[in-house]
Amino acid sequence: MVCKTVLASVAIGTIALATAFTPNLNAAGEELRLIKTSDVDNGTWYTEQEKLDLFISTPSCAHFMDITETQVRQMLVDAREAYFDKRQSATFPSAAAHQAEANPLIDQISKTNPKTWATTLTNIHNRYYKGSYAASSATTVYNLVKNVAAANTKITIKQFTHSYNQPSVIATIPGTSSNVIIVSGHFDSINQANPTTGRAPGADDNASAVVTILESLRVLAAAKYAPKNTLEFHFYSGEEGGLLGARAIMQDYVNRSVKVLAVMNQDMTAYSPNHNIAVYTDYVSTPLSNFIIKLVPVYTALPVITDRCGYACSDHGAAYDAGYPAAYVCDENMVDATPYLHTANDALSTMDFDHLHQHVRLTVGFLVEGSYF
Ligand SMILES: [Zn+2]
């Protein structure tokens, strides 16, 4: 989660394409970053320090993407509407249809594993993408993914490296089709008052979704689940720095013409005073979100609500920007979201693992249903 303030605006699609990365410097030799604050913003150059002061640690809570290495190609502005149509016109089933296959898998979900892994992640001082623990926290996530997937040797796990020192992690269960279904969440954390060195356990934001996805992967790996579509589990770095990890990966997928059928991003799955599951409705694929709204009562015991969180509020914004059907699932509405966001108090003790369990159920259900898209 980038922040809690809602800054919604009208959506128009953009396309991210690769450019070789050469740092752009100002007259003083400082590296500049291109920051985009709305769907129709082409970006403005700021120094790293300005990015930190104006966007990352600002109390007013800016919504932004750092597009320095994933710049929108303005030449293709005419294609934006076509991409917009593509992600909005994608069709999904009218209802859940694979409960008989999903439910035995859901019965295998552990209620203890997520707490064990969340303890490991929140014990790291912080997981800030430019902090001292950037690389080691990424290695911790990589090793967790490797361990939970070990039961099925067909699963591949790779680190996706970035210009900063915190690789993202991607696990893949190959299907008979190369079309891809993605579940995603970011593993980096931030103390907004002191990003680089402050304590940031990042429990709800976003160890919660990391362990939600890990447990979903473990269940499918242990069952040697063989999907039709290829299933991918994305653990992004650098989200708090402007969706950096997700943007780089989505740009790579666009460049390689990977056919992504659906992305279900989760950011915060373990703090829900209203005991509901929230499906967000802005900067997402409406057909995909509507399908997930139908899955919640089928695969969980919780009611579904909807809300809006504004531009670039989490990594689904990167998939959406790349033209892929993306959805965002969270544990609460904006108003009742964790009050400990981006502080040292976003701690393990605030996590509701019964609530998180419902997100794991939804994730496994979504993956089995998505296997047949
Ligand atoms: Zn956050």
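Residues numbered from 1 in each chain as written. Predicted model: local features only at pLDDT ≥ 70, side-chain atom pairs only at ≥ 80, totals over all residues.

(A) Expanded view of the packing of helix H4 (residues 113-123) against helix H6 (residues 203-222). Between H4 and H6, the least distance of the axes is 9 Å, while the angle of their chain directions is 135°. Comparing their axes, H6 and H4 come out oblique. Crossing hand, H4 versus H6: right-handed. Between H4 and H6, the residues in contact are Asn113, Pro114, Trp117, Ala118, Leu121 and Thr122 and Ala203, Ala207, Ser208, Val210, Val211, Thr212, Leu214, Glu215 and Arg218, respectively. Class assignment of the residues belonging to the contact of H4 with H6 gives a composition of nine nonpolar, four polar and two charged. (Axes fitted to C-alpha atoms, helices over the stretch in contact; angles between N-to-C directions. Helix = DSSP H or I, 4+ residues; strand = E, 2+ residues; numbered from the N terminus. Parallel < 35°, antiparallel > 145°, perpendicular 65-115°, else oblique. Left-handed = near helix turned anticlockwise from the far one by under 90°. Contact = placed C-beta atoms within 7 Å. Nonpolar A, V, L, I, M, F, W, Y, C, P; charged D, E, K, R; others polar.)

(B) Structural context of helix H7 (residues 244-255). Along its 12 residues, H7 runs 17 Å from first to last C-alpha, staying within 8% of the 16 Å computed at 1.5 Å per residue. A large share of H7 lies buried, amounting to 10 of its 12 residues. For H7, every residue scored as buried is listed here: Leu244, Gly245, Ala246, Arg247, Ala248, Ile249, Met250, Gln251, Tyr253 and Val254. Just past H7, the residue Ser257 takes up positive phi, approximately 55°. (Expected span 1.5 Å × (residues − 1). Buried ≥ 20, exposed ≤ 12 C-beta atoms within 10 Å, placed from the backbone.)

(C) Spotlight on the environment of Gln166. Its location among the elements puts Gln166 in the loop between strand E5 (156-160) and strand E6 (168-173). Placed 36 residues apart in sequence, Gln166 and Lys130 show a C-alpha to C-alpha distance of 8.0 Å. In contact with Gln166, not counting residues within four places along its chain, are Tyr129, Ala134, Ala135, Ala138, Asp188, Ser237 and Gly238.

(D) Structural view of the environment of Thr139. Tracing the sequence through the fold places Thr139 in helix H5 (residues 134-149). Along the primary structure Thr139 and Gln166 are separated by 27 residues, whereas in three dimensions their C-alpha atoms are 8.5 Å apart.

(E) Spatial organisation of the sheet that holds strand E9 (residues 260-266). Read from one edge to the other, the open sheet built from eight strands follows the order E5-E6-E8-E7-E9-E12-E10-E11, with strand pairing classed as mixed. Looking at the sheet topology across the chains shown, the edges are occupied by E5 and strand E11 (304-307). Taken pair by pair, the neighbouring strands of this sheet meet at an average axis angle of 25°, ignoring direction. Relative to strand E8 (residues 230-236), E6 runs antiparallel, the two sharing five bridges. Bridging across to E8, Val169 finds its partner in Phe235. Packed onto the sheet, H6 meets E6, strand E7 (180-186), E8 and E9 and runs at close to 145° relative to E7. Against the sheet, H7 contacts E5, E6, E7, E8 and E9, and its axis sits at roughly 145° relative to E8. (Pairing = 2+ DSSP bridges.)

(F) Expanded view of H6. Of all the 20 residues making up H6, 19 are buried; the element is thus mostly covered by neighbouring parts of the structure. Where H6 ends, the next residue or the one after it, Lys224, has phi of about 50°, a positive value.

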